[in-house]
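So you can see what is in the structure, the chains are spelled out below.
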Amino acid sequence: MTIRILIADDEALLRMAFGTVLDAQPDMATVGEAADGAQAVRLARELRPDVVLMDVRMPGTDGIEATREVVRVSPRSRVLILTTFDLDEYAFAGLHAGASGFLLKNTRPEELLTAIRSVAAGDAVVSPRITRRLLETLRPHIPDGRGAARDDRLGRLSAREREVLVEVGRGLSNAEIAATLYLAEATVKSHLGRVLHKLELRDRIQAVVFAHENRLVHPG
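Note that the coordinates shown come from a computational prediction; the quantities given were computed from them, not determined experimentally.

Draft legend 1. The arrangement of the sheet that holds strand S4 (residues 78-83) in detail. Pairing in this open sheet of five strands is parallel, and the strands run S2-S1-S3-S4-S5 from one edge to the other. In this open sheet, the two edge strands, each paired with only one partner strand, are strand S2 (28-34) and strand S5 (101-104). Strand-to-strand twist across the sheet, computed as the mean angle between neighbouring axes with direction ignored, equals 25°. By the bridge criterion, four bridges tie strand S1 (residues 3-8) to strand S3 (residues 51-55) in an arrangement that is parallel. Opposite Ala 8, over in S3, you have Met 54 as the bridge partner. On the sheet, helix H5 (residues 109-120) packs against S1, S2, S3, S4 and S5 and is oriented at approximately 125° with respect to S3.

Encoded structure:
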């Protein structure tokens, strides 16, 4: 299967560099380039790419709003946010908008390729370690939900699925959850798949955000 990729960045040289690396892969193809967020949304609607590489800082519609629109108009497209600084102020906003992960612009080519293949397969490109750092750094930006009702979708989960969701929210990997709950790692993966389906979430990162917004995980 060829992974169809849309590159959104206002710097032409970066678009060219990314495209050169991607098009050299036998399982990847660049299907379009966008110089701003509005164009990225328009091309995502027309081309239905598997993965969108999305810069954050672009003129007009920025990468955060563009991400929100891309996942709306092309639900099967996965978005990788491109950031200049690790865990900058846009990282959480991008993930919350529906991105499946984030990468630094200076990431090594092999890491970029691995990330694209991962999100195309339905995984999130944020390691458990980075998830924990992300939550600690950006926790003030996560609504604490005090005084608000919890999401009704929580009632769809079994007791075990809820336990798995809590551990995902804490930033644990599948292996760590398996050890904590005395389950096989494959069983944890199955439970997580059902959690995402029942809660109508795109990936692991969205599950982390959901767990915190619904106060299943508490600071510290």
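Having seen it, we continue.
Draft legend 2. View of H5. In a regular helix each residue adds 1.5 Å, so 12 residues correspond to 16 Å; H5 covers 17 Å between its end C-alpha atoms and thus fits that length. Listed in full, the buried residues belonging to H5 are Leu 112, Leu 113, Ala 115, Ile 116 and Val 119. All buried residues of H5 fall inside an arc of 160° around its axis, so they share one side. Considering only its buried residues, H5 is in contact with S1, helix H1 (12-23), S2, S3, S4 and S5. Once H5 ends, the next one or two residues include Gly 122, with phi positive near 100°.

Draft legend 3. Structural detail: the packing of helix H2 (residues 37-47) against helix H3 (residues 63-73). Two numbers describe how H2 lies on H3: the axes approach to 9 Å, and their chain directions differ by 10°. Viewed along their axes, H2 and H3 adopt a mutual orientation that is roughly parallel. In this structure, H2 uses Gly 37, Ala 40, Val 41, Ala 44 and Arg 45 to contact H3, whose residues at the interface are Ala 66, Glu 69, Val 70 and Val 73.

Basis of the calculations
- Residues numbered from 1 in each chain as written.
- Predicted model: local features only at pLDDT ≥ 70, side-chain atom pairs only at ≥ 80, totals over all residues.
- Heavy atoms only, no water.
- Pairing = 2+ DSSP bridges.
- Helix = DSSP H or I, 4+ residues; strand = E, 2+ residues; numbered from the N terminus.
- Axes fitted to C-alpha atoms, helices over the stretch in contact; angles between N-to-C directions.
- Contact = heavy atoms within 4.5 Å.
- Expected span 1.5 Å × (residues − 1).
- Buried < 20%, exposed > 50% of the residue type's maximum accessible area, 1.4 Å probe, protein only.
- Arc of directions from axis to C-beta.
- Parallel < 35°, antiparallel > 145°, perpendicular 65-115°, else oblique.

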